[in-house]
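Okay, here's what each chain looks like letter by letter:
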Amino acid sequence: MTSDLGQYLSDGELGVDGWTAALEDDRLLGQACPDCEHVTAAPKAACARCGSRDLDPVELPEEGTVYSATRVEVAPEGFAAPYTVALVTVGDARVTARIDADVEIGDDVRFQGATESPEGLTPLFG
Ligand SMILES: [Zn+2]
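Treat the numbers as computed from the prediction; the structure is a model and nothing was measured. (Residues numbered from 1 in each chain as written. Predicted model: local features only at pLDDT ≥ 70, side-chain atom pairs only at ≥ 80, totals over all residues. Heavy atoms only, no water.)

> Let's hear about the pattern of salt bridges: which residues, and what values?
One pass over the full model with this rule turns up five salt bridges. E62 is the partner of R110 in a salt bridge, and the nearest nitrogen-oxygen pair spans 3.4 Å. Placement of the pair is R110 in strand β9 (residues 108-117) and E62 in the loop between β5 (56-59) and β6 (63-72), with a sequence separation of 48 residues. You can call E62 partly exposed: its relative accessible area is 34%. (Salt bridge = Lys/Arg side-chain N within 4 Å of Asp/Glu carboxyl O. Helix = DSSP H or I, 4+ residues; strand = E, 2+ residues; numbered from the N terminus. Buried < 20%, exposed > 50% of the residue type's maximum accessible area, 1.4 Å probe, protein only.)

Have a look at this one:
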């Protein structure tokens, strides 16, 4: 476990509040399952693959690769369209992110911090 992640944990667990606080600090956190080694890019109560509840917080790499991308032409009220939502592969995890560049599947992108999105605070890559 990376030693300075404790400030984002609550009862030793990474929750949505801690994950969001880390994002505000320009850090992208995820969770690694010690039982099956599955890594997620957003806080979950249990491993999506094996159901283990013994998840370790991890800092994810800032370099990623575009796994899929969707251009949103019609945005929710209060948000300017068009914008691009992508699934970005970071290490062994995939994170839903906003992209501030024209990208295609397989492009290398880099974590830029957080941005407001209709889904709440969201990682931004470019
Ligand atoms: Zn697991």
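> Before we move on, could you go through the pairing of strand β3 (residues 29-32) and cite the residues and values that matter?
Burial along β3 is two-sided: L29 and Q31 and G30 and A32, pointing in opposite directions, are all buried. In the sheet, β3 pairs with β5 via four bridges, with the strands oriented antiparallel. Counted as the bridge partner of Q31 is P57 from β5. Of the strand pairs in this sheet, β3 and strand β4 (residues 39-40) are connected by two bridges, and their pairing is antiparallel. Considered in β4, the bridge of A32 is made with V39. (Pairing = 2+ DSSP bridges.)

> Before we move on, could you go through the environment of Q31 and cite the residues and values that matter?
Structurally, Q31 is set in strand β3. Residue classification places Q31 among the buried residues on the basis of a relative accessible area of 2%. Along the sequence, Q31 and D54 sit 23 residues apart, while their C-alpha atoms lie 9.7 Å from each other. Residue contacts for Q31: discarding those within four places in its chain leaves L14, H38, V39, T40, A42, P43, K44, L55, D56, P57 and V58. At 2.7 Å, the side chain of Q31 and the backbone nitrogen of K44 are in polar contact. (Contact = heavy atoms within 4.5 Å. Polar contact = N/O pair within 3.5 Å; in protein donor to acceptor, adjacent residues only side chain to side chain.)

> Which residues make up a negative patch on the surface, and what values go with them?
Taken together, the side chains of D11, E13, D35 and D54 present a region of like negative charge at the surface. Counting through the fold element by element, E13 comes out in strand β2 (residues 13-14). In this structure E13 comes out as partly exposed when scored by relative accessible area, which is 37%. (Patch = residues over 30% accessible without salt bridge, like charges linked within 9 Å, V, L, I, M, F, W, Y side chains within 5 Å. Areas by Shrake-Rupley, 256 points an atom, 1.4 Å probe, with all protein chains shown as cover. Lys, Arg positive; Asp, Glu negative; His and termini not counted. Charge placed at Lys NZ, Arg CZ, Asp CG, Glu CD.)

> Describe in detail the nonpolar core, supporting the description with residues and values.
Buried together is how nonpolar side chains tend to be arranged in soluble globular proteins. Formed by 24 residues in total, the largest nonpolar core has its most connected members in L28, V88, V90 and F125. Contributions of two or more residues to this core are made by α1 (16-24), β3, β7 (83-90), β8 (93-99) and β9. With four residues, β8 is the single largest residue contributor to this core. (Core = buried A, V, L, I, M, F, W, Y, C linked by side-chain atoms within 4.5 Å.)

> Before we move on, can you summarise the side chain of R27 with the specific residues and values?
Positionally, R27 belongs in the loop between α1 and β3. Among the polar contacts made by the side chain of R27, one reaches the side chain of D4 at a distance of 3.1 Å. Excluding anything up to four places from it in sequence, R27 contacts D4, L5, Q7, Y8, A22, E59 and F111.

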